Structures are given as C-alpha cells and as structure tokens.
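Results of the structural survey
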Amino acid sequence: MLEKRHVVVCIDDEPAILSSLQRLLRNEPYEFLTTQNPDEAMNLILDKKASLVIADQRMPVMTGLDLLEMVKLCSPSTVRVMLTGQSDLTEVVKVKKIDAIQRLLRKPWDDEGLKKTLKELLLEQERSASL
C-alpha cells in the first residue's frame with residue numbers, strides 16, 4: 001500500500017494512448033496527469049512534485065529520452081519510465097546515456113502488468129526517500 005498520494009505524469013504525442021492510460025489508471029491510488037507537450041510536462045513534474053514520469057520515445061518536438069534526461073537533472077528523485085513502441089532502442093542507447101531511463105516498458109502494454117509495475121516503482125521511490 002502506498003503511503004502518500006503520488007503524482008504520475010505521462011507525456012505522449014498520441015491522444016489515443018493518453019486516453020487509454022487515463023481510463024486504465026483512473027482508479028489507481030495516485031493522481032495521473034497527461035500532456036502532449038514537453039514544456040507542460042516539465043511544468044507539471046516540477047510544480048506538482050511528480051513521483052514518476054512516463055514518456056513516449058518518439059514525439060515530434062523532443063524525444064522521450066531527451067525529456068527524461070531533463071527530468072533527471074531538474075528532479076532527480078522522480079522515477080523515469082519510457083513507454084515505447086520501438087522494438088529496437090539500440091540507436092537510442094548508442095547516441096545517449098541510457099541512465100536517464102530507470103524502466104523501459106513496451107507498447108502495447110499488459111494492463112495489469114503496467115499497473116503493478118507503476119505501483120512497485122512508487123513503493124521503491126517511497127522506500128528510497130525514507131532512507
């Protein structure tokens with residue numbers, strides 16, 4: 001059981017993905033916020049003190065990896081998750097440091113598996129914050 005009310009921010013350029021995730025996670029024990037805009041995502045992450053951020057890799061304005069690198073610098077305690085439909089991230093790994101990503105999840109996702117993973121990551125974040 002989560003001890004505090006967490007904020008989870010998700011950024012994806014596909015409205016259908018965001019809507020699907022909102023429906024899936026609407027009854028979870030955290031506030032789930034979505035946006036298609038990287039600037040808005042950063043504002044939400046910083047203003048709401050997000051515990052976890054989920055970013056799509058392929059977006060028109062900036063890559064998810066670039067966004068997660070910004071999050072790592074600006075909000076290091078925020079857990080960083082990439083949700084991607086790309087089957088091969090080798091090029092991403094070659095170009096950028098992969099340590100900006102703490103967990104890699106694939107599209108299409110398994111609903112129950114995604115919910116379980118997010119809860120586990122939030123519990124880990126709580127434990128590390130209390131050390």
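Whatever comes next refers back to the structure up there.
Residues numbered from 1 in each chain as written. Predicted model: local features only at pLDDT ≥ 70, side-chain atom pairs only at ≥ 80, totals over all residues. Heavy atoms only, no water.

**A look at the overall build of the chain**
Along the backbone of the chain there are 5 helices and 5 strands. Traced from its N-terminal end to its C-terminal end, the chain shows the element sequence β-α-β-α-β-α-β-α-β-α. Seen through its C-alpha atoms, the chain measures out along the principal axes to roughly 40 × 30 × 25 Å. For the chain, the residues scored as buried account for 47% of the 131 residues in total. Counting contacts in the chain only where the partners sit at least 6 residues apart, residues at least 24 apart contribute 65% of the total. When the accessible surface of the chain is split by element, carbon and sulfur atoms take 51% of a total near 7300 Å². (Helix = DSSP H or I, 4+ residues; strand = E, 2+ residues; numbered from the N terminus. Buried < 20%, exposed > 50% of the residue type's maximum accessible area, 1.4 Å probe, protein only. Contact = heavy atoms within 4.5 Å. Areas by Shrake-Rupley, 256 points an atom, 1.4 Å probe, with all protein chains shown as cover.)

**Some thoughts on the nonpolar core**
Leu21, Tyr30, Phe32, Leu52 and Ile54 are the most contacted members of the largest nonpolar core, which has 21 residues in total. For this core, the elements supplying multiple residues, two or more each, are strand S1 (6-11), helix H1 (15-25), strand S2 (30-35), strand S3 (52-56), strand S4 (79-84) and helix H5 (111-129). Ranked by the residues each element gives to this core, the list is headed by H1, at 5 residues. Ignoring anything within four residues of it in the chain, the contact list for Leu21 reads Cys10, Phe32, Leu83, Trp109 and Leu114. If you look at the next biggest cluster of nonpolar residues, it comprises 20 residues, including Val7, Leu44, Met62 and Met82. (Core = buried A, V, L, I, M, F, W, Y, C linked by side-chain atoms within 4.5 Å.)

**Re the pattern of salt bridges**
Taken as a whole, this structure holds 5 salt bridges when the rule is applied. Where Asp12 meets Lys107, a salt bridge forms, and the shortest distance between an N and an O atom there is 2.8 Å. Here Lys107 lies in the loop between strand S5 (103-106) and H5 and Asp12 lies in the loop between S1 and H1, a separation of 95 residues in the sequence. Both residues of the pair, Asp12 and Lys107, count as buried. The partner of Glu28 in a salt bridge is Lys119, and the shortest N-O contact between them spans 3.2 Å. Here Lys119 lies in helix H5 and Glu28 lies in the loop between H1 and S2, a separation of 91 residues in the sequence. (Salt bridge = Lys/Arg side-chain N within 4 Å of Asp/Glu carboxyl O.)

**Brief notes about the sheet that holds S3**
Working definition: the strands of a sheet are paired by backbone hydrogen bonds and lie parallel or antiparallel to each other. Here we have 5 strands laid out as an open sheet, ordered S2-S1-S3-S4-S5, and parallel in their pairing. Taken across any chain shown, the strands that pair with only one partner, and hence form the sheet edges, are S2 and S5. The sheet shows a mean angle of 20° between the axes of neighbouring strands, direction not considered. Both S3 and S4 contribute to a ladder of 5 bridges, which runs parallel. Following the sheet pairing, Ala55 is matched in S4 by Met82. Sitting on the sheet, H1 is in contact with S1, S2 and S4, with an inclination near 170° to S2. (Pairing = 2+ DSSP bridges. Axes fitted to C-alpha atoms, helices over the stretch in contact; angles between N-to-C directions.)

**Observations regarding the state of the cysteines**
Inspection of every chain in the model, using the stated rule, returns 0 disulfides. Here Cys10 stays free of any disulfide, with the sulfur of Cys74 as its closest cysteine sulfur at 19 Å. Given a relative accessible area of 2%, Cys10 falls into the buried group. Cys74 gets classed as partly exposed once you look at its relative accessible area, which sits at 49%. (Disulfide = S-S within 2.5 Å.)

All we've got here are geometric facts, nothing functional implied.
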